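Residues per chain are reported as follows:
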Amino acid sequence: MIVRIFKSGATKKGGGESPVKYLLGNTDHAGNERAVKPEVLEGNPQTTIDVINSIQRKYKYISGCISFRDSEKPTRSQLYEIIDDFKKTFCPGLTGDNFNSLFVLHQDKGNTEIHFVFPNQILANSAHGAGRRFNIHPPGKQNIQFFESFVKVTNQKLGYAQIIPDPLKIAFTDFERKTPEGRKDKSNKRWIQQSIIKAINKGEIKNRDDLCKHLDENLGVTVTRQGKDYLSVKLPGALKAKRLRGALYGEDANYQELIKQSIASKQPYYLNPTEFKAEQTKLDSFIHAREQFNIKAYLTPRPMRRFAKQVHPILTTTTRRNPMAKTNHLTVMKRIILEALLTTRKKSAPSTPPRVMPDMKTTMSNVASIRDKALGIMNATLNTALAI
């Protein structure tokens, strides 16, 4: 099982009808009749169309599919469980009242595929985030790792072999896959790569210079430009050069190692308990970060968002301008109050011990002493006056 995100979602003629029509249509992208009709597993197609058409931004939706190998036969209950896990993983903290989604089953290619569409907007009935931009697949390397982690954990739970990337797999553009002219380029790229791999196995190609020489002398293909990770070549009789991308065409490619990795990628591989535990922990961390972002962005009242807990900026929606540095005001306020309290305690004077009152006998003795002293002074003064 693997999750693929399609390069679509921008404003185009037809609006929300275009992606939904593809999901529910009786013909595929090439116009061929589907052997098995699509089936809606979850969601309302018309509601999804209406939400997409209400969005005024350029990028209105995210579409893709959860694709299974021909040998992988998930049950109906497993399909619904996977859909629930998908939403809980990439929309944590939110409910069906906050966002819209549509899931459609395709089985016309011999394998099982769950196609999905998510409008890029929080729904109007949400309390605080209504109308805000919502994206389950924001750009960034960490988001790619998020999806890869979900695929690994799900495959292990279902008992499916892991997806091991083949470094020699050719990446084709939409033009090459969907148009008659593009299919010619697709065929030519396969022919060139197969010839190169045969020459590597024979020991005829050991470095990039040998590869370029093989293209020129054995295939009649002229190399017009050499990039860090690509070669631009012109086929015999062609007016324009075509670009060959991939690990095989990089300037530092290790051809023998690439062939070994390609062979290993076709062998079934399963995570051991330690690897699975580490991957599950990694996935939980991604989910927690996404949940904190969703709660702050879509469920927190606007005046309180600036005081909400700052989370690690993993998998958050990005914009074209550089974000300003943010300060956690609550933490700063706590620190200032604590410092003020410590300073006050240091400056306060030490407390004096309580004064002990003397007993009655001592008090009367003191009073008599004071009286005698006073009378003595008065008598002395009176005698002096009489003598004068």
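Residues numbered from 1 in each chain as written. Predicted model: local features only at pLDDT ≥ 70, side-chain atom pairs only at ≥ 80, totals over all residues. Heavy atoms only, no water.

A. Seen up close, the pattern of salt bridges. Evaluated as defined, the whole model comprises eight salt bridges. A salt bridge links glutamate 42 to lysine 87, with the nearest nitrogen and oxygen atoms 2.4 Å apart. With glutamate 42 in strand E2 (residues 39–42) and lysine 87 in helix H3 (residues 76–90), the pair connects residues that are 45 residues apart, well separated along the chain. By relative accessible area, glutamate 42 is classed as partly exposed at 23%. (Salt bridge = Lys/Arg side-chain N within 4 Å of Asp/Glu carboxyl O. Helix = DSSP H or I, 4+ residues; strand = E, 2+ residues; numbered from the N terminus. Buried < 20%, exposed > 50% of the residue type's maximum accessible area, 1.4 Å probe, protein only.)

B. Representation of the sheet that holds strand E8 (residues 242–245) within the structure. Reading across from one edge, E6-E7-E8 is the order of the three strands in this open sheet, with antiparallel pairing throughout. The two strands at the open ends of the sheet, each matched to only one other strand, are strand E6 (222–226) and E8. Within this sheet the neighbouring strands show an average axis-to-axis angle of 35°, counted without direction. Bridge count between E6 and strand E7 (residues 230–234): four bridges; the pairing is antiparallel. If you follow glutamine 226 over to E7, its bridge partner there is leucine 231. (Pairing = 2+ DSSP bridges. Axes fitted to C-alpha atoms, helices over the stretch in contact; angles between N-to-C directions.)

C. Just the pairing of strand E5 (residues 113–119), in detail. Of all seven residues in E5, seven are buried; the element is thus mostly enclosed. Two elements, strand E3 (residues 61–67) and E5, share seven bridges in a ladder whose sense is antiparallel. For serine 63, the partnering residue across the bridge sits in E5 and is valine 117.

D. Seen up close, the nonpolar core. By size, the foremost hydrophobic cluster in this structure holds 34 residues, and its most contacted members are Val3, Ile66, Phe86 and Ile136. At the level of elements, E3, H3, strand E4 (102–106), E5, helix H4 (141–158) and helix H9 (273–299) are the ones that each hand at least two residues to this core. Ranked by residue count, the leading element in this core is H9, at six residues. Discounting residues that sit within four places of it in the chain, phenylalanine 86 has contacts with Val3, Ile66, Cys91, Phe103, Phe116, Phe118, Ile136, Phe147 and Phe150. Of all hydrophobic cores here, the second largest spans 20 residues; its members include Leu168, Ile196, Ile205 and Val233. (Core = buried A, V, L, I, M, F, W, Y, C linked by side-chain atoms within 4.5 Å. Contact = heavy atoms within 4.5 Å.)

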